[in-house]
Amino acid sequence: MKRSIGMSQRNIAFQIAIALCAGSPLFSLATAMPAAATATSPADARVSVTYVNPEKFSEATEFNQQDSYNGSRYLESLKAFLIKRAAKMLPAGDRLEVTITDIKLAGAYEPWHGPNFRYVRFMKDVYPPRIDLQFKLVGSDGQVLREGSRKLRNLGYLQSGLTRPNDTDPLRYDKGLLDSWLRRGPDKL
């Protein structure tokens, strides 16, 4: 029987994991990440998205933690989409501040279909996406150009043609709702 001297790859990975968790000065995420990954992009500086009490959003209270998109992951994805899309729409120097107060994602669960469909989200026109938000558009001179609140709805979201035919993004209808709002341009937000 041979005895191996030294550390196996598994042991090395385990030691690195312990060092990360313990905050060891031997290895830290801050030194491991490239500077570009930690810096904010120009779009992040021009568009800010804030969620007000996301644990009380209609999506969170209606479905609790039934699927993976009821966690904060759907919020991160919608925020990244909104920042990217709004940055393209804004004139140079302008800023957009968006505060989202409620979200109900497209579709719903129908538990009466049985346990095999517990995590299946049914897309029907009776379950449209809804997003309530407040916004402020600030010009390059610091003056508020537009502000207000919007209740975004798309009751015919399945037939609206706002999404690409082969789009498999689980949030395609919700992103389409935000996109249709932004597509109006800064003068008609």
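Preceding block: the structure.
As a starting point, this report considers the structure included with it. Owing to the predicted nature of the structure, the values given are computational and were not obtained by experimental measurement. Along each chain, residues carry numbers from 1 onward, in the same order as the chain's sequence is written. Reporting of local features is limited, given that this is a predicted model, to residues whose pLDDT is at least 70; pairs of side-chain atoms are given and counted only at 80 or more, and all residues count toward the totals for whole chains, interfaces and linings. Each side-chain value is derived from all of the structure's non-hydrogen atoms; neither hydrogens nor water enter the calculation.

This part covers the overall build of the chain. Secondary structure elements follow DSSP: runs of H or I of four or more residues count as helices, runs of E of two or more count as strands, with numbering from the N terminus. A tally of helices and strands in the chain yields 7 helices and 6 strands. Start at the N end of the chain and walk to the C end: the helices and strands fall as α-α-α-α-β-α-α-β-β-β-β-β-α. Only protein chains enter the area calculation, which uses a 1.4 Å probe; residues under 20% of their type maximum are buried, those over 50% are exposed, and those in between are partly exposed. Each of the 189 residues in the chain was classed as buried or not, and the buried ones make up 33%. Put simply, 66% of the contacts in the chain that link residues at least 6 apart link residues at least 24 apart. Surface accessibility of the chain: about 12200 Å² in total, with carbon and sulfur atoms responsible for 54%. Note on contacts: a residue pair is in contact if any heavy atoms of the two residues lie within 4.5 Å. To measure how exposed things are, a 1.4 Å probe is used in the Shrake-Rupley method; for residues, cover is taken only from the protein chains shown.

Throughout, the protein atoms alone are placed on a 1 Å grid, and a set of points is a cavity if a 1.4 Å probe fits but cannot get out or a pocket if it is open with protein on both sides within 12 Å along at least five of seven lines; lining residues have an atom within 4 Å of a point. Grid points are joined across faces, edges and corners, and a volume is the space filled by probe spheres set on the points. Its boundaries defined by the atoms lining it, the largest pocket holds a volume of some 290 Å³. Lining the largest pocket are 13 residues, with F81, R164, D167, K175 and D179 sitting closest to its centre. Broken down by secondary-structure element, the contributors of at least two residues to the lining of the largest pocket are α6 (73–89) and α7 (172–182). In the scheme used here, Gly and all other residues not listed as nonpolar or charged are polar, with Ala, Val, Leu, Ile, Met, Phe, Trp, Tyr, Cys and Pro taken as nonpolar and Asp, Glu, Lys and Arg as charged. Here the lining of the largest pocket is built from residues that sort into 2 nonpolar, 2 polar and 9 charged.

A word on the pairing of strand β2 (residues 95–104). Strand pairing follows a simple DSSP-based rule, namely that at least 2 bridges must link the two strands. Where strand β1 (residues 47–51) lies against β2, 5 bridges are found, and the strand directions are parallel. Bridge pairing in β2 links Y51 to I100. The sheet contact formed by β2 and strand β5 (residues 130–138) spans 9 bridges and is antiparallel. For I100, the partnering residue across the bridge sits in β5 and is L133.

A separate point is the sheet that holds strand β6 (residues 144–153). Across the sheet, which stays open at both edges, the 4 strands sit in the order β1-β2-β5-β6 with mixed pairing between neighbours. With one partner strand each, in any of the chains shown, β1 and β6 form the two edges of the open sheet. Geometrically, the sheet is characterised by an average inter-axis angle of 15° between neighbouring strands, direction not taken into account. For helices, the fitted axis covers only the stretch in contact; all axes are lines through C-alpha atoms, and the angles between them, taken along N-to-C directions, range from 0 to 180 degrees. α6 rests against β1 and β2 of the sheet, and its axis sits at about 155° to β1. Where α7 meets the sheet, it contacts β2, β5 and β6, and its direction lies at approximately 35° from that of β5.

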